[in-house]
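Letter by letter, the chains look like this.
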Protein chains: 2
Amino acid sequence: MKKIKIKKDFWPFVESVIIVGTESDNKKPNFFTCSWHSRVNQKPPQWGITIDYRRYSLNCIKRNMTFSINYPGKELVKVTDYCGIYSGKKVDKGSLFTIFNGTLNGAPMIEECIVNIELEVKRIIELESDCLIIGEIINTYSDERYIVDNRLDFEKADSFFLTCPDFNYHTIHGHIGKAWKIGKKLD
Amino acid sequence: MKKIKIKKDFWPFVESVIIVGTESDNKKPNFFTCSWHSRVNQKPPQWGITIDYRRYSLNCIKRNMTFSINYPGKELVKVTDYCGIYSGKKVDKGSLFTIFNGTLNGAPMIEECIVNIELEVKRIIELESDCLIIGEIINTYSDERYIVDNRLDFEKADSFFLTCPDFNYHTIHGHIGKAWKIGKKLD
């Protein structure tokens, strides 16, 4: 094999797609799509999400010190892409979903999503172009339809993910759309 | 939809699988499999990896202040799983691969992998059960066979990923093995 240098700014080949929920200063739910995130701690369960400093939602999260993570199923691929393209400064993304709240303030969740997690912010790590927010999971919700033998079933959930550098959405059963394109216009 | 509380310790549905490279104190290459990681900063390009405090590799990374990220293709699924099951304290994982070095000391890379990235540690964030290491990408390497029109081609690379909570490895073309099982024994 002959190794060659390529563009160093490499993105993970596969990224799990989530919709992060927060609340604006006028108490309106707002959502943005995020693919740079990961579990970061086992006990207690914590999750890290990366947010560009220019994002509208960053100040909302910093003010509330809470946020939610929502896992969309493949039927939400278009609206998920939309939430990644357009800013909450300009469009009302709260009106796209049926919202429910758990025990935390400022962490609205999306009923149409497979899994919903409410988190309390534990650390804010100010990197150069992006801010890394670490939240601790307070509660996780799902729907009975996805539970088999008291466990969440991956096949029933049929979550989707983003592949890079081609920027396509797939489930494990196939391609379902082009990222930053399929959600440019909602029907 | 009727939302119910489920076990709060939820793992991302889909996780990109990487092999992290480091060097032990006797200058031997060591590798471990990691699925809790993400890009965390756009400019300069940075990546975060989570490591359990009990891992052998953590002290190696802290001492060298460098590491590598290696993306295995599907033909390496068995050895990738092996590198996640067994500790470098007990087995010599450096001997499993053809190693090459870039410009950094302490960041050995795997020739058999699709993409190799060398990183300098910028931040060490000590969480409760795990340590979050943030590294800046210094160089990224690949092989001409994966490049189409000067760009890395996802289809040619045919990388694999882990699905949770069922713990299976897949490419976008199908299931390729059971995690923490397929690599228990190498041939």
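Everything here concerns the structure above.
One structure accompanies this document, and this report is about it. These numbers come from a predicted model, not from an experiment.

1. Side note on the nonpolar core
Grouped together as the largest cluster of nonpolar side chains are 59 residues, with contacts concentrated most on Phe13 and Ile49 of chain A together with Phe13 and Ile49 of chain B. In this view, Ile49 of chain A contacts Ile18, Val20, Phe32, Cys34, Trp36, His37, Ile61, Phe67, Ile69, Cys131, Leu132 and Ile133 of chain A; residues no more than four positions away in its chain are not counted. If you look at the next biggest cluster of nonpolar residues, it comprises ten residues, including Ile125 and Ile134 of chain A together with Leu127 and Ile134 of chain B.

2. A word on the sheet that holds strand 16 (residues 174-178) of chain B
All names here are of chain B. With antiparallel pairing, the four strands of this open sheet are ordered in space as 2-14-15-16. Taken across any chain shown, the strands that pair with only one partner, and hence form the sheet edges, are strand 2 (14-16) and strand 16. Looking at each pair of strands side by side, their axes are set apart by 35° on average, direction ignored. Bridging between strand 14 (residues 161-163) and strand 15 (residues 168-171) involves three bridges; their strand directions are antiparallel. Paired with Phe161 across the two strands is His170, which belongs to strand 15.

3. Observations regarding unusual backbone geometry
Residues and elements named next belong to chain A. Of note, the bond from Lys43 into Pro44 is cis; its omega dihedral lies within 30 degrees of zero at -5°. Structurally, Pro44 is set in the loop between strand 5 (37-41) and strand 6 (46-52). With omega at 5°, the peptide bond leading from Cys164 into Pro165 counts as cis. At Lys27, a position not held by glycine, the phi torsion is positive, near 65°. Mapped onto the fold, Lys27 is located in the loop between strand 3 (18-23) and strand 4 (29-34). A residue is classified by how much of its surface remains accessible, and Lys27, at 62% relative accessible area, is exposed. In this model, Asp158 sits at a positive phi of 50°, which is unusual for a non-glycine residue.

4. With respect to a positive patch on the surface
A contiguous patch of positive charge, built from Lys7, Lys178, Lys181 and Lys184 of chain A together with Lys43 and Arg151 of chain B, is present on the exposed surface. Inspection of the secondary structure puts Lys43 of chain B in the loop between strand 5 (37-41) and strand 6 (46-52).

5. Focus on the interface of chain B and chain A
Taken together, the 72 residues of chain B in the interface contact 72 residues of chain A. Summing the contributions of chain B and of chain A, the shared interface buries around 6,600 Å²; its carbon and sulfur component is 62%. Remark: the boundary between chain B and chain A carries two salt bridges. When the shortest N-O distance is used, the salt bridge between Asp9 of chain B and Arg39 of chain A registers 2.6 Å. Taken together, the links from chain B to chain A amount to 44 residue pairs in polar contact (both at pLDDT 80 or more). Here the side of chain B that touches chain A gets ten residues from one element, more than from any other, and that element is strand 11 (residues 130-143) of chain B. Classifying every residue of the side of chain B that touches chain A gives 36 nonpolar, 15 polar and 21 charged. Of the pairings in the sheet, the one linking strand 1 (residues 3-6) of chain A to strand 11 of chain B comprises four bridges and is antiparallel in character.

6. Some words on the sheet that holds strand 16 (residues 174-178) of chain A
Residues and elements named next belong to chain A. Taken in spatial order, the four strands make up an open sheet running 2-14-15-16, and their pairing is antiparallel. The open sheet has two edge strands, strand 2 (14-16) and strand 16, and neither has a second partner. Direction aside, neighbouring strands of the sheet carry axes that sit 35° apart on average.

7. A short note on the side chain of Thr50 of chain B
Within the element layout of this structure, Thr50 of chain B appears in strand 6. Under the relative-accessibility criterion, Thr50 of chain B is labelled buried at 7%. There is a polar contact of 3.3 Å between the side chain of Thr50 of chain B and the backbone oxygen of Val40 of chain A. The contacts of Thr50 of chain B, once residues within four sequence positions are left out, are Arg39 and Val40 of chain A together with Cys34, Trp36, Asp130, Cys131 and Leu132 of chain B.

8. Re the packing of aromatic side chains
Evaluation of the coordinates by the stated rule reveals 29 aromatic pairs over all chains. Between Phe13 of chain A and Tyr71 of chain B, the aromatic rings sit 4.9 Å apart at their centres with planes inclined by 80°, giving edge-to-face as the arrangement. Residue Phe13 of chain A is located in the loop between strand 1 and strand 2, and its partner Tyr71 of chain B is located in strand 7 (residues 66-71); the two belong to separate chains. Neither residue differs from the other here; Phe13 of chain A and Tyr71 of chain B are each classed as buried. Ring geometry for Phe10 of chain B versus Phe13 of chain B: centroids 5.2 Å apart, planes at 85°, classification edge-to-face. Taken together through their ring pairs, the aromatic side chains of Phe10 and Phe13 of chain A together with Trp47, Tyr71 and Phe154 of chain B make up a single cluster.

Procedures and definitions
- Residues numbered from 1 in each chain as written.
- Chains lettered and ligands numbered in written order.
- Predicted model: local features only at pLDDT ≥ 70, side-chain atom pairs only at ≥ 80, totals over all residues.
- Heavy atoms only, no water.
- Core = buried A, V, L, I, M, F, W, Y, C linked by side-chain atoms within 4.5 Å.
- Buried < 20%, exposed > 50% of the residue type's maximum accessible area, 1.4 Å probe, protein only.
- Contact = heavy atoms within 4.5 Å.
- Pairing = 2+ DSSP bridges.
- Helix = DSSP H or I, 4+ residues; strand = E, 2+ residues; numbered from the N terminus.
- Axes fitted to C-alpha atoms, helices over the stretch in contact; angles between N-to-C directions.
- Patch = residues over 30% accessible without salt bridge, like charges linked within 9 Å, V, L, I, M, F, W, Y side chains within 5 Å.
- Areas by Shrake-Rupley, 256 points an atom, 1.4 Å probe, with all protein chains shown as cover.
- Salt bridge = Lys/Arg side-chain N within 4 Å of Asp/Glu carboxyl O.
- Lys, Arg positive; Asp, Glu negative; His and termini not counted.
- Charge placed at Lys NZ, Arg CZ, Asp CG, Glu CD.
- Buried area = accessible area lost by both parts, 1.4 Å probe.
- Polar contact = N/O pair within 3.5 Å; in protein donor to acceptor, adjacent residues only side chain to side chain.
- Nonpolar A, V, L, I, M, F, W, Y, C, P; charged D, E, K, R; others polar.
- Phe/Tyr/Trp six-rings, centres within 6.5 Å; stacked < 30°, edge-to-face > 60°.

On their own, these measurements won't tell you what the molecule is for.
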